[in-house]
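Next come the chains, spelled out residue by residue.
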Amino acid sequence: MRTYIARRILHGLLVLWLVSFAIFSLVRILPGDAVLMQLDQAASPTPEMLTRARQELGLDRPFLEQYRTWIAGVVRGDLGHSLTSRRPVTQELLKRVSLTSHLAVMSMIIALLIALPIGVLAAVRQDTAGDYVGRLFAILGLSLPDFWLATVAITFLSIWFQWMPPIGFAPIWEDPARNLSQLLIPALIIGARLAAVSMRMTRSSLLEVLRQDYIVTARAKGNRERAVIVRHALKNAFIPVVTIIGQQFSVLLGGTVIVEFIFLQPGVGSLLLDAVLLRDYTLIQGAVLFFAAVIVAMNLLVDLSYSWLDPRIRYR
Amino acid sequence: MKPSLSSLIVVSLFLSISSATAEDKTSTPFAYTAPAFIKELDTRYPAQPPVPPSPPRYGGVLHFPATVRAFDPTVGYRPELALVWDTLTEWEATWYFPEVQRTPVIRKTLATSWEMVNPSTWIFKLRQGVKFHNRPPVNGREMTAEDVKYSYELLKDKAQYSTRAALVKAIHVVDKYTVKFELTLADPKFYLNVVDSLSPVIVPREAVEAPGGLAENPIGTGAFMLKDFVPGEGALLVRNPEYYLKDKDGRALPYVDAVRLIFTKDPATDMALFRTKQLDVMRLSTLDTLYAVIKTVPDLQLYRVPSYGWGDYGVSMAVDKAPFNDLRVRQALSMAINRDIVAEVINRGDAALYGPFPWALAGYTKRADYSYASLGPNYQYNPKKARELLAAAGYPNGFDMDLEWAEFQGWTFNEFVQLVARFFGDVGVRVKLKQLETSTWLNRVAGVQPFADTLAAASPIGAGPSFVDWVYLRYHSAFPRTVNRAGVGDSKLDDLLSTWRQDSGEKRPALQRAIWDHLRANVYRITTIVPPHYRLTQVYVHAGANPYCWFPGYCSYEAKTTWMTDKAPNRKFEKFAQ
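Conventions used here
- Residues numbered from 1 in each chain as written.
- Chains lettered and ligands numbered in written order.
- Predicted model: local features only at pLDDT ≥ 70, side-chain atom pairs only at ≥ 80, totals over all residues.
- Helix = DSSP H or I, 4+ residues; strand = E, 2+ residues; numbered from the N terminus.
- Buried ≥ 20, exposed ≤ 12 C-beta atoms within 10 Å, placed from the backbone.
- Pairing = 2+ DSSP bridges.
- Axes fitted to C-alpha atoms, helices over the stretch in contact; angles between N-to-C directions.
- pLDDT = per-residue confidence, 0-100.
- Contact = placed C-beta atoms within 7 Å.
- Nonpolar A, V, L, I, M, F, W, Y, C, P; charged D, E, K, R; others polar.
- Parallel < 35°, antiparallel > 145°, perpendicular 65-115°, else oblique.
- Left-handed = near helix turned anticlockwise from the far one by under 90°.
- Core = buried A, V, L, I, M, F, W, Y, C linked by C-beta atoms within 7 Å.
- Arc of directions from axis to C-beta.

Caption draft 1: Focus on the overall build of chain A. When helices and strands are tallied, chain A shows 13 helices and zero strands. In sequence order, chain A lays out its α and β elements as α-α-α-α-α-α-α-α-α-α-α-α-α. Principal-axis analysis of the C-alpha atoms gives chain A an extent of 85 × 60 × 35 Å. For chain A, the proportion of its 316 residues judged to be buried stands at 40%.

Caption draft 2: Local environment of the sheet that holds strand β19 (residues 533-537) of chain B. All names here are of chain B. Spatial strand order, β11-β19-β12: three strands in an open sheet with antiparallel pairing. Edge positions in the sheet fall to β11 (281-284) and β12 (301-305), since each has one partner strand and no second. Ignoring which end each strand starts from, the neighbouring axes of this sheet average 20 degrees apart. Across five bridges, β12 lies against β19 in antiparallel orientation. Within β19, the residue paired with Y303 across the bridge is R535.

Caption draft 3: A look at the confidence of the model for chain B. Residue and element names in this part refer to chain B. On average, residues of chain B carry a pLDDT of 86, and 88% of them reach 70 or more. Between residues 550-554, whose pLDDT stays under 50, and residues either more than four places distant or in other chains, the model counts 20 contacts. Both confidence scores are given for the complex: pTM 0.84, ipTM 0.80.

Caption draft 4: Looking closely at the confidence of the model for chain A. Here chain A averages 87 in pLDDT, while 98% of its residues score no lower than 70. When pLDDT is averaged over each helix and strand of chain A, the minimum, 80, is found for helix α2 (residues 34-37) of chain A and the maximum, 92, for helix α4 (residues 63-75) of chain A.

Caption draft 5: Looking closely at the interface of chain B and chain A. In this complex, chain B contributes 48 residues to the contact, which on the side of chain A involves 47 residues. A breakdown of the residues in the side of chain B that touches chain A according to their chemical character gives 21 nonpolar, 18 polar and nine charged.

Caption draft 6: Fine view of the pairing of strand β6 (residues 168-175) of chain B. Residue and element names in this part refer to chain B. Looking at chain direction, β6 and strand β7 (residues 178-183) are connected through six bridges and run antiparallel. Counterpart to V168 in the pairing with β7 is L183. Counting the residues in the hairpin turn of β6 and β7 gives two residues.

Caption draft 7: Highlighting the packing of helix α5 (residues 89-124) of chain A against helix α13 (residues 281-309) of chain A. Residue and element names in this part refer to chain A. At a closest axis distance of 10 Å, the pairing of α5 and α13 adopts a crossing angle of 50 degrees. Taken together, the axes of α5 and α13 lie oblique to each other. Considering how the two elements wind past one another, α5 and α13 form a crossing that is right-handed. Only T282, L283, G286, A287 and F290 of α13 make contact with α5, whose side of the interface consists of V89, E92 and L93. Here the contact of α5 with α13 is built from residues that sort into five nonpolar, two polar and one charged.

Caption draft 8: Looking closely at the sheet that holds β6(B). All names here are of chain B. Strand order in the open sheet made by the four strands is β4-β5-β7-β6, with antiparallel pairing throughout. Across the chains shown, the open sheet's two edge strands, defined by having one partner strand only, are β4 (111-118) and β6. Here the average twist between neighbouring strands, direction ignored, is 20 degrees. In this sheet, β7 lies alongside strand β5 (residues 121-126) in antiparallel orientation, the contact comprising five bridges.

Caption draft 9: Focus on the packing of α5(A) against helix α6 (residues 129-143) of chain A. Residue and element names in this part refer to chain A. Relative orientation of the contacting elements α5 and α6 amounts to 135 degrees, with a least axis distance of 8 Å. If you check the angle between α5 and α6, you find them oblique. Handedness of the α5/α6 crossing: left-handed. Residues I118, L121 and A122 of α5 form the contact with α6, whose own contacting residues are G130, D131, G134, R135 and F137. For the contact of α5 with α6, the per-class residue count stands at four nonpolar, two polar and two charged.

Caption draft 10: Here's a closer look at unusual backbone geometry. Going from S54(B) to P55(B), the amide bond is cis rather than trans, its omega being 0 degrees. Along the polypeptide, P55(B) turns up in the loop between α3 (36-44) and β1 (61-65). Residue P323(B) is bonded to the preceding A322(B) through a cis peptide linkage, with omega at 0 degrees. Turning to its location among the elements, P323(B) is positioned in the loop between β13 (313-317) and α10 (327-335). In this structure, Q162(A) is a non-glycine residue whose phi angle is positive, near 50 degrees. Following the sequence through the fold, Q162(A) ends up in the loop between α7 (146-160) and α8 (176-210). Look at Q162(A) and you get exposed, because 11 C-beta atoms sit within 10 Å. The phi torsion at R348(B) lies on the positive side, around 55 degrees, for a residue other than glycine. On the secondary structure map, R348(B) appears in the loop between α11 (339-347) and β14 (352-353).

Caption draft 11: Looking closely at the nonpolar core. In this structure, A287(A), L237(B), V342(B) and V420(B) are the most contacted members of the largest nonpolar core, which totals 237 residues. When residues in this core are grouped by element, the largest group, 15 residues, is from α5(A). What V420(B) contacts, discounting residues up to four positions off in sequence, is V315(B), I337(B), L403(B) and A456(B).

Caption draft 12: Local environment of the environment of G222(B). Here G222(B) shows up in the loop between α7 (213-216) and β8 (224-230). When the C-alpha positions of G222(B) and L126(B) are compared, they lie 15 Å apart, and in sequence the two are 96 residues distant.

Caption draft 13: A look at the pairing of β5(B). On β5(B), burial follows the alternation: W122(B), F124(B) and L126(B) on one face are buried, whereas T121(B), I123(B) and K125(B) on the facing-out side are not. Following β4(B), the chain reverses through two residues before pairing antiparallel with β5(B).

Caption draft 14: Local environment of the environment of E174(A). One can find E174(A) in the loop between α7 and α8. The spatial distance from the C-alpha of E174(A) to the C-alpha of A6(A) is 37 Å, given a sequence separation of 168 residues.

Caption draft 15: Spatial organisation of helix α4 (residues 145-155) of chain B. What α4(B) keeps buried is the set A145(B), D147(B), V148(B), S151(B), Y152(B) and L155(B). One side of α4(B) carries all its buried residues, which in axial view fall inside an arc of 155 degrees.

Caption draft 16: Summary view of the environment of A456(B). Residue and element names in this part refer to chain B. Here A456 is to be found in strand β17 (residues 454-457). What makes A456 buried here is the crowd of 26 C-beta atoms within 10 Å. In the structure, A456 is positioned 167 residues away from T289 in sequence and 23 Å away in space, judged by C-alpha atoms.

Written out as C-alpha cells, the structure is:
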C-alpha cells in the first residue's frame, strides 16, 4: 500500500510538472498581455511605453528564463506576484480557496443529503410514484442551469423578500450565522445540480447490485430487506458513486464561476477567470497548478477509498 | 430572450420603415421614438434635479459598485483611486451636462494657482498645509513640491498616464510650494492637462519605496483612506479627518464616514443589491434594466444624463487601404445606416445621435442641436445616394468586407453588427461578421493590432472634456496607431489641429467647429448613436453638489459631497465584510 501511495505521489508530481509547463506555455499564446489589459480605454500609450511596461514585468525576457525563474519559486513555495494587483499569488489564492472550500463542502453536504436517500429509495422502490418523483427531480436538476437558477433566486428574493445574501465573505469560524446566510442559497443551487447526478448514479448502481447473486443469497438466508440493502448492497453500490462525488468535489474546488459572480462570493473560479481576462500570467499559472494539485489529490483519495468499500481491491 | 426580442424589433421596424422613402427620413430631425416609459421619465425625472437640502448630515457609509484590481496608481489607473490620491486639480463635474455649463470649471485641489511663463513653461503654486494620510511610513507629513516632482517623474512614462503626463519634459522644484513644468510641446492651455482622470496623482516617495510599495502602503492626500481591500470582493475606505477641502459653506469634507466599494460583475446582482438597499448608488446602461429597477424600487432618484461621448456605437474603417481610403465609399457606408433604427434596437430609442467627437467640444450646447441637421448629409439615412456614391467610386455591385466585433460588457455589439450588416447589404456591400475574442478585439480597438477591414467599436475616448484627448491625439498624424487609432493622415486636418494647439484660446471654439466640420465631411469613422447614462440613487442619498456626475466614483468629488439622511441603513465600517 505504501509503495502504491509513494508511486502515485511521484506520478502526481510528474503530472504537476507537465501541467506547469503546459499552462506556462499556453497562457503566452493568448492574444494580448497584462500590460494591454490594464490600460484604461482613454489611455494613449506609445509603443515605447508599452515596451517599458513589459520590461518592468519581466515579460520581455526569454521564455525558458521566465519559466526557470517561476518554477524555481514554485519549488520553494513561492508562486510569484500577481501582475495586476502586485500581491503574492499565494496570498490571493489562499483567501479564495477558503471561500471556495466553504462553498464546495456545503454544496456537497447538501447534494449528498438529497441524493443518497432519494437515490436509494428510487432503487428500492423501482417504478413506484416515489421513484418517478425522484427521477423527475434528477432531470430537473440536470436541465436547469445553475446560473439561471441563481439569477432567478436573487431576483425573486430581492423583489419578494427584500433580501440578498450579505456582502463580504465571513469564514464559518468567525461568524457562523453570517457565513450560513451568505452561502446557503448558492450552496443549495449548486447542491441541487450535483444531487441530480449523484442520485441517478446511486439509483442505477444500487439497482445493478440488487440483482447480483449474493443479494439473492442474503435474502434467501432470511435477512430483513433493510439489512440486505444497508449491509450488503449499499457499500458495493457506492464505488461508482464515490468516483462521481470525487470528480464533482474536484470540480467544485476549481470554482463555480457564474454562481460566485451572481452571489458576490468570489472564489478560485472567479479569480482564475479574472486572471485570464487580464492576462495575469502568474496568477493563472498559480491557480491552474492549484487545480491540478487538487485533482491529483482527489483522484488518489478516491482510489484509496475503493479498497475500504470493497476489501477485494488491493493495491500493490 | 434578449437577442430574439431585439431581432423581432429589427424585423418589425424594417417592415414598418421600408414603406417610408429615404427622402422622408433625411428630412426628419432625430427624435426619441420613445415608448410611454421614456415620456414618463422626462416628466418624472427632470434633467435638472432638485437641489439637495442644507445643511448636510454627517455620517453614514456609502455603498457603490466598482471594479478595482489594485489600489496602486503605479500599476493601473482607475477613477476610484481618486478617493485616496489627489491630482493637482480636478474637474467640476457639471461640465458633463453642457446645457448647464458649457465651460469646464476646474476645482483647485493640490494646486491653488498657475501661471504661464511662456507656452512651454508653466509654474504651479501648491496648497500649503496639505498632509498625507497619517499612516506609517509617511505619518501625516506635509505634501510639498518635491512630492509633485517625484510623482510626475515616477508616473509620466507609465502607459496609463501617457495621455497627459507625456506632455511634460521636465519638472523643477522652485521652492517648497512651487513647481515649474517644462513641456515637450508649447501649450497655452496646459493647465487643462493636470486635472484628474489619467493625470499623475501625487504619491509619497516613502510609501512607494517601502516593502510592498503603494499596494501595501496606499497613502495619499485624498478624502478617504483605504482601510480594507479584499481583491475580488470590495474595499472599505474611511474618512480622512485631515482632508483639506471644504464645501461652499466652509464645512469639512467628506460628509460620510466611509465608502464601501463593492466589486460586482453581474447586472442582475447590482439590481438585487440596489433593491435590498445594499447599494446606494448605481449606474445602468440600458433602458430595459432601468425599467426593471424602477418597477420594483419606485421611490428611487434618477439622473438621466445625455452622454458626453462615452459608450457610443460606431464602425472603424481601415482608412489607409482600399476601398475605405476612398471618401465616397466612407460616405456611402455612413449614409447606408439608419440611425433611428440603431437607437431603437440598442436602447429602445433612448439615445442621442453622435458625431465625430462630443457635441459640446464642437460648441453644441443644447440637446436640440444633437440633430441630423447639425451632422449633415453623411449621417442621414440615404441608401439611394449611398448606391450612387459606391457606383461613382467604382463599386456599382458593392464589395465584400469583414466586420469584426466582440462581446463587451456594457455594449450590445451583437445586435449592432447585425443591423449594420443588414444596412450595408441593402446598398450592395456584402458583410462577413467575424466575432473576436474580447482581448483580441481590445488590442485592435487600441491600435496595437491592425484589423482587416472594419471593426465595430466605441469611439476612442478622452479623459474629462479635454479636446487634446478626444480629438488632437486621436487624429494628428504625428502620433502612432496606439494613439491615432484610425491611422488618419490628413495634412489639412494636421494643420487645423496644430493651429488649435498653438492658439491661446480665443480662436479655439471656432477651430474646434472647423475640425468638427472637416471630420464629419471626411467620415474617418462611422459614428451612430450614444445612449444616455442612468444614475440611480436611493431616496436617502443626496448626491452632493454635482448631481450630473453620473458615473459612481468617477468624480471623486461626488463621494466627498454625498450625504445620507437618517433613513439610510445603519452600517459598520471596521472592516469590509460587515
